[in-house]
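For reference, the chains in residue letters:
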Amino acid sequence: MATAQLVVDPAFRVGTVDRRLGGSFVEHLGRCVYGGIWDPDDPAADSNGFRSDVLGLVREVQVPVVRYPGGNFVSGYRFEDGIGPPESRPSRPDLAWHSVEPNRFGTDEALGWCAAAGTEAMLAVNLGTRGAGAAADLVEYTNHPGGTYWSDRRAANGHPEPYGVKLWCLGNEMDGPWQIGHRPAADYARDALQAARAMRAIDGTIELVACGSSNSAMPSFPAWEATVLETCYDDVDYISLHSYYGRPSSRGELLAAALDMDRFIETVVATCDHVGARRRSTKRIGLSFDEWNVWHRDAEPDHEPWRQAPPMLENRYDHDDAVVVGTLVNSLIRHADRVKVACLAQLVNVIAPIVAEPGRPAWRQSIFWPYRELIRAARSDSLLVALTTPEHDVAGVGSVPVLDAAATVSEDGDELRLLIANRSPDHSVPTTLDLRAWPGYALVSHEQLADSTSRPAGAPGWPPPVAVPLPAERAGRVDVSIPRLSWNTLVARRSH
Amino acid sequence: MATAQLVVDPAFRVGTVDRRLGGSFVEHLGRCVYGGIWDPDDPAADSNGFRSDVLGLVREVQVPVVRYPGGNFVSGYRFEDGIGPPESRPSRPDLAWHSVEPNRFGTDEALGWCAAAGTEAMLAVNLGTRGAGAAADLVEYTNHPGGTYWSDRRAANGHPEPYGVKLWCLGNEMDGPWQIGHRPAADYARDALQAARAMRAIDGTIELVACGSSNSAMPSFPAWEATVLETCYDDVDYISLHSYYGRPSSRGELLAAALDMDRFIETVVATCDHVGARRRSTKRIGLSFDEWNVWHRDAEPDHEPWRQAPPMLENRYDHDDAVVVGTLVNSLIRHADRVKVACLAQLVNVIAPIVAEPGRPAWRQSIFWPYRELIRAARSDSLLVALTTPEHDVAGVGSVPVLDAAATVSEDGDELRLLIANRSPDHSVPTTLDLRAWPGYALVSHEQLADSTSRPAGAPGWPPPVAVPLPAERAGRVDVSIPRLSWNTLVARRSH
Amino acid sequence: MATAQLVVDPAFRVGTVDRRLGGSFVEHLGRCVYGGIWDPDDPAADSNGFRSDVLGLVREVQVPVVRYPGGNFVSGYRFEDGIGPPESRPSRPDLAWHSVEPNRFGTDEALGWCAAAGTEAMLAVNLGTRGAGAAADLVEYTNHPGGTYWSDRRAANGHPEPYGVKLWCLGNEMDGPWQIGHRPAADYARDALQAARAMRAIDGTIELVACGSSNSAMPSFPAWEATVLETCYDDVDYISLHSYYGRPSSRGELLAAALDMDRFIETVVATCDHVGARRRSTKRIGLSFDEWNVWHRDAEPDHEPWRQAPPMLENRYDHDDAVVVGTLVNSLIRHADRVKVACLAQLVNVIAPIVAEPGRPAWRQSIFWPYRELIRAARSDSLLVALTTPEHDVAGVGSVPVLDAAATVSEDGDELRLLIANRSPDHSVPTTLDLRAWPGYALVSHEQLADSTSRPAGAPGWPPPVAVPLPAERAGRVDVSIPRLSWNTLVARRSH
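What counts, and where the lines are drawn
- Residues numbered from 1 in each chain as written.
- Chains lettered and ligands numbered in written order.
- Predicted model: local features only at pLDDT ≥ 70, side-chain atom pairs only at ≥ 80, totals over all residues.
- Heavy atoms only, no water.
- Helix = DSSP H or I, 4+ residues; strand = E, 2+ residues; numbered from the N terminus.
- Rg over C-alpha atoms; globule rule 2.2 N^0.38 Å.
- Buried < 20%, exposed > 50% of the residue type's maximum accessible area, 1.4 Å probe, protein only.
- Contact = heavy atoms within 4.5 Å.
- Lys, Arg positive; Asp, Glu negative; His and termini not counted.
- Charge placed at Lys NZ, Arg CZ, Asp CG, Glu CD.
- Phe/Tyr/Trp six-rings, centres within 6.5 Å; stacked < 30°, edge-to-face > 60°.
- Pairing = 2+ DSSP bridges.
- Axes fitted to C-alpha atoms, helices over the stretch in contact; angles between N-to-C directions.
- Domains from an automatic or database assignment.
- Buried area = accessible area lost by both parts, 1.4 Å probe.
- Salt bridge = Lys/Arg side-chain N within 4 Å of Asp/Glu carboxyl O.
- Polar contact = N/O pair within 3.5 Å; in protein donor to acceptor, adjacent residues only side chain to side chain.
- Nonpolar A, V, L, I, M, F, W, Y, C, P; charged D, E, K, R; others polar.
- Least-squares fit on C-alpha atoms with pLDDT ≥ 70 in both.
- pLDDT = per-residue confidence, 0-100.
- Core = buried A, V, L, I, M, F, W, Y, C linked by side-chain atoms within 4.5 Å.

J.: What is the right way to read the overall build of chain A from this model?
T.: Within chain A one finds 10 helices and 26 strands. A compact globule built from 496 residues should have a C-alpha radius of gyration of about 23 Å, and chain A, at 23 Å, falls within 12% of that. Residue burial in chain A is summarised as follows: out of 496 residues, 61% are buried. Sequence separation of at least 24 residues holds for 77% of the intrachain contacts in chain A that already meet a minimum separation of 6. Computed over 47 positive and 64 negative side-chain charges, the separation of the two mean positions in chain A equals 2 Å.

J.: When you look at the packing of aromatic side chains in this model, what are you seeing that I'm missing?
T.: The description of two aromatic rings rests on the distance between their centres and on the angle between their planes. All names here are of chain C. Applying the stated criterion across every chain yields a total of 42 aromatic pairs over all chains. On the numbers, 6.2 Å between centres and 50 degrees between planes, the contact of Phe79 with Tyr141 is tilted. Here Phe79 is found in the loop between β3 (65–68) and β4 (92–94), whereas its partner Tyr141 is found in helix α3 (residues 132–143), with 62 residues between them in sequence. Tyr141 shares its class with Phe79; the two are buried.

J.: I tried to follow the sheet that holds strand β15 (residues 381–383) of chain B on my own but got confused; where do I start?
T.: Strands in a sheet are paired, the pairing made by backbone hydrogen bonds, and the direction either parallel or antiparallel. Residue and element names in this part refer to chain B. Read from one edge to the other, the open sheet built from 7 strands follows the order β2-β15-β19-β20-β26-β22-β23, with strand pairing classed as antiparallel. Since the sheet does not close on itself, it has two edges, and those belong to β2 (13–16) and β23 (466–467), each with one partner. Bridge count between strand β20 (residues 415–422) and strand β26 (residues 486–494): 8 bridges; the pairing is antiparallel. Bridge assignment links Ile420 to a residue of β26, and that residue is Asn488. Contacting β2, β15, β19 (403–409), β20, β22 (441–449) and β26, helix α9 (residues 319–334) runs over the sheet at an angle of about 50 degrees to β19.

J.: I would appreciate a short explanation of the domain arrangement of chain A in the present structure.
T.: One frequently used descriptor of interface size is the decrease in accessible area upon assembly of the parts. All names here are of chain A. Entries for chain A in the domain assignment read domain 1 (4–11 + 383–494) and domain 2 (18–378). Listed per partner, the contact involves 32 residues of domain 1 and 30 residues of domain 2. By the criterion of area lost to domain 2, the three top residues of domain 1 are Arg423, Trp462 and Trp487, representing 29% of everything that side buries. Remark: the boundary between domain 1 and domain 2 carries 2 salt bridges. For Asp404, the salt bridge identified is with Arg334, shortest N-O distance 2.8 Å. At the boundary of domain 1 and domain 2, one finds 12 residue pairs in polar contact (both at pLDDT 80 or more). Of all the elements in the fold, those that place two or more residues in the side of domain 1 that touches domain 2 are β18 (398–401), β19 (403–409), β20 (415–422), β22 (441–449) and β26 (486–494). Take the side of domain 1 that touches domain 2: its biggest share by element is 5 residues, from β19. Residue composition of the side of domain 1 that touches domain 2, grouped by class: 20 nonpolar, 7 polar and 5 charged.

J.: How should the sheet that holds strand β3 (residues 23–25) of chain B be read in this particular structure?
T.: All names here are of chain B. Spatially, 8 strands are ordered β3-β4-β7-β8-β9-β10-β11-β12 in a closed barrel, and the strand pairing comes out parallel. When strand polarity is set aside, the average angle formed by the axes of neighbouring strands in this sheet is 30 degrees. Of the strand pairs in this sheet, strand β10 (residues 238–245) and strand β11 (residues 286–294) are connected by 7 bridges, and their pairing is parallel. Each bridged residue has a counterpart across the sheet, and for Tyr238 the counterpart in β11 is Gly286. Lying on the sheet, helix α5 (residues 185–202) is in contact with β7 (120–125), β8 (167–170) and β9 (207–210); it crosses β8 at an angle near 150 degrees. Contacts from helix α8 (residues 257–278) reach β10, β11 and β12 (339–345), with the element oriented near 160 degrees to β10.

J.: Explain the side chain of Arg183(B) to me, please; I cannot follow it from the model alone.
T.: All names here are of chain B. Structurally, Arg183 is set in the loop between β8 and α5. A distance of 2.5 Å separates the side chain of Arg183 from the side chain of Asp191, its partner in a polar contact. Other than its neighbours up to four places away in sequence, Arg183 contacts Leu127, Gly128, Met174, Tyr188, Asp191 and Trp224.

J.: What is the right way to look at the interface of chain A and chain B in this model?
T.: With 27 residues of chain A in contact, the opposing surface of chain B contributes 27 residues. The contact between chain A and chain B buries some 1900 Å² in all, and 66% of this surface belongs to carbon and sulfur atoms. The largest contributions to the chain A side of the interface with chain B come from Phe12(A), His274(A) and Arg280(A), which together make up 31% of the buried area. Summed over the shared surface of chain A and chain B, the result is 0 salt bridges. For the side of chain A that touches chain B, the secondary structure elements donating two or more residues are α6 (223–232) and α8 (257–278) of chain A. A total of 7 residues in the side of chain A that touches chain B trace back to one element, the largest contributor, which is α8(A). Broken down by class, the residue content of the side of chain A that touches chain B amounts to 18 nonpolar, 4 polar and 5 charged.

J.: Would you take a moment to explain the interface of chain B and chain C for this structure?
T.: Across the boundary between the two partners, chain B contributes 17 residues, which contact 19 residues of chain C. Both sides of the chain B and chain C interface together cover about 1400 Å² of buried area, and 59% of this is carbon and sulfur. Inspection of the chain B/chain C interface yields 2 salt bridges. Asp137(B) serves as the salt-bridge partner of Arg78(C), at 2.6 Å between the closest nitrogen and oxygen. For the interface between chain B and chain C, the tally reads 7 residue pairs in polar contact (both at pLDDT 80 or more). With 7 residues, α5(B) is the single largest residue contributor to the side of chain B that touches chain C. Counted by class, the side of chain B that touches chain C contains 8 nonpolar, 5 polar and 4 charged residues.

J.: Would you take a moment to explain the pattern of salt bridges for this structure?
T.: When the charged atoms of two side chains with opposite charge come close together, those side chains can pair. All names here are of chain A. Using the criterion set out here, one finds 114 salt bridges over all chains in the structure. Of the charged contacts, one joins Glu373 and Arg417 as a salt bridge, the two residues approaching to 2.6 Å between their closest N and O atoms. Separated by 44 residues along the polypeptide, Glu373 in helix α10 (residues 368–376) and Arg417 in strand β20 bring together distant segments of the chain. Each member of the pair Glu373 and Arg417 is classed as buried.

J.: Explain the pairing of β22(A) here, please?
T.: A regular strand places its side chains on the two faces of the sheet in alternate fashion. Residue and element names in this part refer to chain A. Pairing between β22 and β26: 8 bridges, direction antiparallel. In the strand pairing of β26, Leu449 is matched with Trp487. In the sheet, β22 pairs with strand β23 (residues 466–467) via 2 bridges, with the strands oriented antiparallel. Note on β23: the bridge partner recorded for Glu447 is Ala467.

J.: It is not clear to me how the relation of the copies chain B and chain C should be interpreted in this structure. Could you clarify?
T.: Here chain B sits on chain C after a turn of 125 degrees about the axis and a move of 0.5 Å along it, with an RMSD of 0.1 Å. These values place the two chain copies in the arrangement generated by a three-fold rotation axis. The position closest to the rotation axis in chain B is occupied by the C-alpha of Asp187(B), lying 5.1 Å away. Looking at the interface residues of chain B, only 6% of them are also at the interface in chain C, so each copy uses its own face.

J.: Looking at this structure, I do not really get helix α1 (residues 52–61) of chain A. What am I missing?
T.: Because an α-helix packs 3.6 residues into every turn, residues spaced three or four apart end up facing the same way. All names here are of chain A. Of the residues making up α1, those classed as buried are Asp53, Val54, Leu55, Leu57, Val58 and Val61. The secondary structure elements touched by the buried residues of α1 are α2 (107–117), β13 (354–355), β14 (363–364) and α10. Looking one or two places after α1, you find Gln62, whose phi comes out positive at around 55 degrees.

J.: Quick question: what am I supposed to make of the confidence of the model for chain A here?
T.: The predicted coordinates should not be examined in detail at positions where pLDDT is low. For chain A, mean pLDDT is 96; residues scoring 70 or higher make up 99% of the total. Across the interfaces of the predicted complex, the ipTM metric reaches 0.87, alongside a pTM of 0.91.

J.: I keep staring at the nonpolar core and nothing clicks. Help me out?
T.: As a rule of thumb, nonpolar side chains are buried together in soluble globular proteins. Counting 142 residues, the largest nonpolar core has Trp113(B) and Trp292(B) as its most contacted members. Taken together, domain 1 (4–11 + 383–494) and domain 2 (18–378) of chain B each give at least three residues to this core, which thus spans both. With residues near it in sequence (within four places) discarded, Trp113(B) still touches Ile37(B), Phe50(B), Leu55(B), Val58(B), Val66(B), Phe105(B), Thr119(B) and Leu347(B). One finds Ile37(A), Leu254(A), Ile265(A) and Trp369(A) within the second-largest nonpolar core, a separate group that totals 133 residues.

Structure below.
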């Protein structure tokens with residue numbers, strides 16, 4: 001098997017990894033909210049009805065930001081249905097997922113949950129069936145100090161203090177024909193601009209995300225981004241990207257997913273900078289990759305419509321999926337200079353790293369571990385990685401690099417983390433890590449998820465990466481074998 | 001004065017420097033052709049009327065490619081006026097520069113001169129007053145084997161063998177209101193596509209350059225590039241950029257010119273990649289920066305119209321200008337992955353590195369030396385340069401890095417060249433070169449153009465960079481002072 | 001096998017078949033001109049160099065109109081290269097077919113040949129590399145009485161009398177990316193309008209054909225027609241259609257070709273009438289189907305570029321192809337109310353009914369016979385045909401009628417002709433012809449091309465349809481079996 005070389009040099013950095021790159025996403029879909037983060041009837045529920053075991057895992061991994069309440073759900077949602085005395089809240093048909101939304105869990109519950117989980121809230125406004133007025137009302141409800149209709153309603157509902165939600169999404173996936181309120185780019189751009197101006201009139205400190213394409217294969221991509229930014233460039237801080245990879249794509253295509261994510265990100269960056277130049281603007285638009293994950297759609301059961309929180313999209317992830325999520329994490333870190341927000345979709349039960357079943361402690365899926373690594377990268381600097389790697393041919397994709405890597409150096413410069421995945425189901429790759437530019441650093445750990453990592457019988461969860469023997473280091477070079485189909489974190493520390 | 005650090009690492013490369021990056025440009029303007037490269041009455045003229053002293057300097061510096069015959073001139077030019085028996089060639093009013101064009105020097109003379117100078121020809125077709133038909137006729141004249149009207153005319157004019165001109169420009173500066181045939185981007189795009197198809201029907205092996213913006217301040221930039229590429233993406237290989245810097249800009253603005261060139265290039269790259277994505281194309285469009293230089297317009301004398309080859313744009317360059325051209329050279333090398341062709345405008349007398357006066361040996365202007373360095377970079381790999389440098393404020397520009405650097409490693413890996421300019425008119429900068437990633441390399445030369453470099457009295461030319469004492473090297477680090485307002489080439493060689 | 005019924009009634013007529021529906025097409029492509037209609041070195045050549053055997057076949061079948069000189073060729077053609085003393089005419093590279101065009105045969109030779117063949121000329125002007133000026137010059141050359149530059153040049157070239165060419169094509173296939181001068185519909189519409197006005201300024205009596213789509217699968221069809229007619233409706237008489245059917249399409253798809261031709265014609269009629277209504281115009285635009293035929297592209301040999309009249313597109317047609325052409329003839333006759341001009345592409349050697357080989361008498365291909373029938377239909381009335389026929393499934397097409405029929409009644413009403421083809425390779429169809437509405441008419445002949453029609457050995461040509469025994473007639477009904485894969489002409493005459 002050909003060999004690989006990886007070189008990192010502290011002088012060559014991509015940029016600082018934003019804290020929010022490790023975010024996640026909670027939508028009123030299936031059992032993500034009801035039976036996921038909230039279930040008053042479950043033994044693990046706390047006084048607020050939050051499942052404490054789920055909170056435990058979220059706090060353990062320190063999720064930095066959670067996008068809420070959708071996703072397609074938001075494009076038909078009236079936030080006022082979900083506030084005030086629970087018994088007075090109406091049940092509504094959810095037009096996106098054809099469930100019945102009881103509205104027992106709403107904005108106050110969600111922001112309370114975020115506080116309990118120690119995570120920032122990223123709220124989406126409904127630009128599907130509503131416009132600037134309702135959007136401004138919601139910002140008034142969450143952020144206005146008091147003395148106005150909606151801020152007083154908040155106080156009356158037991159929350160006198162404004163929540164100060166900073167990060168807002170101007171609708172969801174408006175380019176998708178499946179979306180309630182789907183409309184051409186020029187119309188969405190105008191509506192988003194109006195909402196942005198109205199919301200900022202309430203609270204000038206908020207940051208706004210305009211909807212980009214729902215995936216890189218959309219016919220309207222990337223003309224959609226150009227049109228939206230041509231109108232909203234000066235009024236928004238980020239443009240969003242969404243992307244899911246999974247069966248029925250082939251195993252080879254799935255393992256090559258990060259190539260599409262790289263290209264998708266780089267094309268959106270090119271589009272932002274082209275439009276910025278047309279507008280003679282020195283402002284740089286950031287990217288919010290606020291829905292990304294492996295999502296297998298091949299085995300989805302048919303759903304009875306109009307039921308409350310039925311089990312939906314409850315993917316069970318395996319080792320392959322963990323390697324794929326590892327490569328997607330690498331792609332985000334490789335582009336940390338421009339991707340400032342990212343949300344793994346979703347957080348619990350619904351294509352999620354955490355599974356919460358009734359009466360059983362929540363447990364970690366295989367993808368929990370590479371997701372944790374993305375959160376850990378927060379505030380470190382992403383390093384340029386010079387990787388020479390063998391390639392293999394994948395039907396429908398072409399020639400694909402066998403190894404996928406990213407690297408970060410901690411804020412204080414003491415810790416260098418190398419994240420290396422091996423996409424080949426067949427061959428391990430003898431790899432030379434060239435650390436000559438890191439004198440005084442010693443390899444301290446090599447943790448690995450390999451295809452062979454045994455799962456303890458009985459317990460449903462997936463075990464953390466296994467510590468494997470440290471390879472020797474000679475004159476700044478480390479020769480290490482990266483096993484077939486593995487996800488590896490190698491850490492070097494500076495000895496003072 | 002704060003210090004600077006420069007780090008280069010062989011693992012981090014921009015890309016290979018194309019041989020054509022060091023090209024130049026000869027236009028029927030002023031004394032560039034008549035009295036420049038061609039002057040049968042001059043003592044230095046050879047049998048073809050080419051000034052042998054000019055040829056000598058061009059061969060000395062090995063100019064790789066020369067764009068001809070324009071520039072604005074080409075947009076009113078009939079190539080057939082400039083071929084065949086000289087006495088039968090008509091004199092025409094040149095609508096671009098208001099001179100009388102005697103047509104004594106035309107396509108055959110130009111291609112003969114290129115052969116004599118050992119340089120490739122890059123021909124522009126007239127899309128100002130003519131279209132696809134005339135463009136195809138010119139390709140037939142220069143490249144068709146024989147047996148057709150124009151190829152037989154070539155043979156009759158004494159050149160039976162086809163010239164095989166590979167590189168062609170589809171018109172010139174069509175976005176400029178000053179240009180004969182100036183038209184909106186969509187119209188130019190269509191005309192360029194038709195010309196491209198007709199020219200390729202004659203010779204399918206030619207490479208084509210579509211006109212981009214005449215400078216980065218054009219109101220139509222970069223929408224012009226998007227529109228042109230939307231139509232021509234599959235039919236052209238390059239999009240062009242032009243840019244001139246000079247008085248009446250301030251000294252500070254001029255010394256900061258490379259910042260504009262960097263931004264201009266990066267915006268055109270973003271635009272190309274955005275359009276490529278819209279077209280779902282895997283093809284990458286290259287950039288042809290085929291007019292760039294310092295051009296001082298403040299002291300241009302009034303010109304009597306309708307004279308033959310009057311002195312025009314005869315800038316006399318000084319040391320400042322050499323430093324500026326040094327930084328522009330760095331900008332081109334820094335973007336060698338996408339800028340594949342570049343032409344210093346122009347080659348002789350007209351804003352040029354070479355001056356040819358009647359009856360006096362041609363001499364080198366100050367900018368000759370940094371231009372030579374660009375040509376030397378051919379086929380080497382441009383290296384990423386991690387430069388931390390003090391900045392100073394420049395009115396009208398903002399905060400500007402004091403140092404500007406580029407670096408290359410030779411094809412065989414033996415030679416590392418560091419090109420460092422100091423923009424500050426006041427302060428030298430103590431600089432640490434971190435060569436730890438280059439074990440076995442030793443600094444062998446440090447050549448410098450400094451403000452104090454004395455010019456020998458009498459001789460008009462500017463002396464080559466001066467060799468200055470080599471700084472010491474300790475454990476891969478070299479501490480060197482970069483003098484105020486200087487242009488430096490430091491070379492390190494691998495000792496076997 | 002199911003049976004079929006065919007009913008025709010003199011009261012139900014589509015419209016009169018225009019004389020020009022049986023036209024053909026001669027392009028400077030391969031051996032259509034040189035070695036086809038013109039070959040001064042061939043023993044069969046007359047004093048003008050026209051092959052008399054080819055002229056014989058053309059006169060025998062009385063071709064009514066011939067389109068010339070192209071087709072793609074015309075989009076790079078300068079008519080002045082092909083007039084005047086032959087030895088002074090230049091050879092040009094033909095950008096369309098990559099041959100060398102010697103220009104020995106030009107406008108005067110073509111119009112002379114048409115006179116000799118007793119056929120009308122339909123000339124195309126070059127809107128690829130030229131515009132309104134050159135188009136008007138050509139009309140001046142052919143139609144202006146005298147006393148102007150180009151009419152005097154005609155006289156000087158030995159043709160004092162104007163030719164009076166009535167029918168003109170405004171360019172060729174401008175919607176095709178392969179076409180020299182290809183441009184968006186709106187640009188072509190504007191250029192065609194300018195040419196129409198300039199040409200009519202010379203001769204107000206000419207009829208003009210604007211370019212429609214190159215085939216019904218073009219992405220721009222039928223938006224192209226709408227845009228062109230929106231601009232040119234009042235200034236043109238016809239819009240063109242082109243369509244070719246052949247391998248690599250499957251045998252079933254090829255035999256179903258007439259379904260596509262029907263739909264193509266009906267869509268263009270709908271588009272014309274839609275635009276006419278938008279313009280509140282009472283004028284009806286006619287259709288000129290001026291390139292149609294079977295064209296097998298699967299076995300085309302590679303061509304050395306830049307040769308004179310190399311053998312190209314020399315399809316050899318078989319019985320299947322004759323049945324297909326028979327159905328295409330039926331499609332044209334069925335739409336005789338709006339399709340006023342049609343040109344079988346092409347006339348000799350190049351996908352043609354007539355083959356002329358050096359030193360051998362020209363001979364008829366299989367498709368000659370159905371083409372002859374189309375010419376015979378001139379000036380008769382096309383009858384509505386009520387046909388109930390079994391259908392069979394064709395992969396890639398769907399359900400396809402087994403029988404295809406058309407019918408005409410002569411100008412004097414004495415002769416009824418029924419044209420019936422059987423597409424099924426497997427089944428003959430027992431068919432009842434209901435002639436009760438034609439009292440006093442008796443079946444006089446049934447001519448047939450059947451799969452079994454034997455081709456005499458040795459002679460390359462294909463024999464004419466064979467007379468088969470007349471079926472009995474009882475009380476206005478005729479029961480006849482239409483053999484599998486056959487093309488039939490049944491004629492009934494009124495007895496006085």
